[in-house]
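So you can see what is in the structure, the chains are spelled out below.
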Amino acid sequence: GESVGLHLPTLSVQEGDNSIINCAYSNSASDYFIWYKQESGKGPQFIIDIRSNMDKRQGQRVTVLLNKTVKHLSLQIAATQPGDSAVYFCAEVGTGNQFYFGTGTSLTVIP
Amino acid sequence: EPEVTQTPSHQVTQMGQEVILRCVPISNHLYFYWYRQILGQKVEFLVSFYNNEISEKSEIFDDQFSVERPDGSNFTLKIRSTKLEDSAMYFCAVRGQRGGLAKNIQYFGAGTRLSVL
């Protein structure tokens, strides 16, 4: 299967600061990527998605950037809040719509 | 409110036993998925299911595993002769519907924790 990985396994930020979570992927043919958040004891929850024909997409307090040249994704969270503490996964979507997840980055927000 | 409910939330079994994990969607869905997450590791794709057939499966999904929709509603994952390394969280997911939720987004249940002793 495709290979999706994250640069940093853990990230700690002060409440109110911006967070940036990075992700690298290997399949240059992928045309769809998704970010998920997983809180302790819960299943992954959809945050935001982006297609390969886009460089940037914004949601509420979150922005996803896609750099196809270096096969890199990032998730930016503005004004990070304690409720943002979770593990964040990027996922590359296969031709059958199956998701190939990265290892995950654990975000801890310090009050 | 979650799109799917998974039961049981925690299943403990002896090695070699068979287990059935259940996924109940709250509305009509056509596409179903099972994923596995070993403790501390990433979520791994197992199988996708559409129109009562397997459409894609990973190398993890070997003959030990099977899926079905026995009554047209519940979606089950059966693991025959469980092994210690089958201990993991198992997540069911459904794809978003046209006209409502986004088509390509998958919505995950809370998972079933399987512990093989």
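Here, every reference points to the structure presented above.
Residues numbered from 1 in each chain as written. Chains lettered and ligands numbered in written order. Predicted model: local features only at pLDDT ≥ 70, side-chain atom pairs only at ≥ 80, totals over all residues. Heavy atoms only, no water.

*Asks:* How do you make sense of the overall build of chain B when you look at a structure like this?
*Replies:* A tally of regular secondary structure across chain B gives zero helices and eleven strands. What you see for chain B is a C-alpha radius of gyration of 14 Å, in line with the 13 Å of a compact globule of 117 residues. Seen through its principal axes, chain B has C-alpha atoms that stretch 45 × 25 × 25 Å. Taken over 117 residues, chain B has a buried fraction of 46%. (Helix = DSSP H or I, 4+ residues; strand = E, 2+ residues; numbered from the N terminus. Rg over C-alpha atoms; globule rule 2.2 N^0.38 Å. Buried < 20%, exposed > 50% of the residue type's maximum accessible area, 1.4 Å probe, protein only.)

*Asks:* Sorry if this is basic, but what is going on with the pairing of strand S3 (residues 19-25) of chain B here?
*Replies:* Each regular strand displays side chains that alternate between the two surfaces of the sheet. All names here are of chain B. By the alternation rule, side chains of S3 split into Val19, Leu21, Cys23 and Pro25, which are all buried, and Ile20, Arg22 and Val24, of which none is buried. The pairing of strand S1 (residues 4-7) with S3 spans four bridges and is antiparallel. Bridge assignment links threonine 7 to a residue of S3, and that residue is arginine 22. Here five bridges tie S3 to strand S8 (residues 75-79), and the two strands are oriented antiparallel to one another. By the bridge assignment, arginine 22 is partnered in S8 with threonine 76. (Pairing = 2+ DSSP bridges.)

*Asks:* Can you help me understand the pairing of strand S6 (residues 53-57) of chain B in this one?
*Replies:* All names here are of chain B. As defined by bridge partners, strand S5 (residues 43-50) adjoins S6 across four bridges and the pair is classed as antiparallel. Considered in S6, the bridge of serine 48 is made with glutamate 56. Linkage of S5 to S6, two consecutive antiparallel strands, is achieved through a turn of two residues, within which asparagine 51 is found at a positive phi near 55 degrees.

*Asks:* Please explain the state of the cysteines as it appears in this structure.
*Replies:* Two cysteines, two sulfur atoms, one covalent bond between them: this is a disulfide. All told, the structure shown has two disulfides over all chains when counted by the stated rule. Covalently, cysteine 23 of chain A is tied to cysteine 90 of chain A through a disulfide, its sulfur atoms 1.7 Å apart. Judged by the sign of its S-S torsion, about 45 degrees, the cystine formed by cysteine 23 of chain A and cysteine 90 of chain A is right-handed. Of this pair, cysteine 23 of chain A sits in strand S3 (residues 19-25) while cysteine 90 of chain A is found in strand S9 (residues 86-93), placing the two residues 67 residues apart along the sequence. Taking the relative accessible area as the measure of exposure, cysteine 23 of chain A reaches 0% and is therefore buried. By relative accessible area, which is 1% here, cysteine 90 of chain A ends up buried. The disulfide bridge from cysteine 23 of chain B ends at cysteine 92 of chain B, spanning 1.9 Å between sulfur atoms. Sign of the S-S torsion, about -60 degrees for the bond between cysteine 23 of chain B and cysteine 92 of chain B, identifies this disulfide as left-handed. Here cysteine 92 of chain B lies in strand S9 (residues 88-95) and cysteine 23 of chain B lies in strand S3, a separation of 69 residues in the sequence. Residue cysteine 23 of chain B shares its accessibility class with cysteine 92 of chain B, and that shared class is buried. (Disulfide = S-S within 2.5 Å.)

*Asks:* What is the right way to read the packing of aromatic side chains from this model?
*Replies:* Geometry of an aromatic ring pair is reported as the spacing of the ring centres plus the angle between the planes. Residues and elements named next belong to chain B. Tallying each qualifying case throughout the model produces 19 aromatic pairs over all chains. Centre to centre, the rings of phenylalanine 32 and phenylalanine 75 are 4.9 Å apart; their planes meet at 40 degrees, and the pair counts as tilted. Taken together, the residues span a long stretch of sequence, with phenylalanine 32 in strand S4 (residues 31-37) and phenylalanine 75 in strand S8 at a distance of 43 residues. What makes phenylalanine 32 buried here is its relative accessible area of 0%. Ring geometry for phenylalanine 49 and phenylalanine 75: centres 5.0 Å apart, planes at 40 degrees, overall tilted. (Phe/Tyr/Trp six-rings, centres within 6.5 Å; stacked < 30°, edge-to-face > 60°.)

*Asks:* Hey, could you run me through the sheet that holds S1 of chain B in this one?
*Replies:* Pairing between sheet strands relies on hydrogen bonds along the backbone, with the strands arranged either parallel or antiparallel. Residue and element names in this part refer to chain B. Strand order across the open sheet formed by four strands is S1-S3-S8-S7, with antiparallel pairing between neighbours. Strands with a single pairing partner mark the edges of an open sheet, and in this sheet they are S1 and strand S7 (65-68). Across the sheet, the mean angle from the axis of one strand to that of its neighbour is 15 degrees, orientation sign disregarded. (Axes fitted to C-alpha atoms, helices over the stretch in contact; angles between N-to-C directions.)

*Asks:* Which parts of the structure should I look at to understand the side chain of threonine 112 of chain B?
*Replies:* Residues and elements named next belong to chain B. Locating threonine 112 in the fold gives a position in strand S11 (residues 112-116). Here the side chain of threonine 112 touches proline 8 through a polar contact of 2.5 Å, landing on its backbone oxygen. Not counting chain neighbours up to four residues away, the residues in contact with threonine 112 comprise Gln6, Thr7, Pro8, Ser9, Gln11, Leu21, Ala88, Met89 and Tyr90. (Polar contact = N/O pair within 3.5 Å; in protein donor to acceptor, adjacent residues only side chain to side chain. Contact = heavy atoms within 4.5 Å.)

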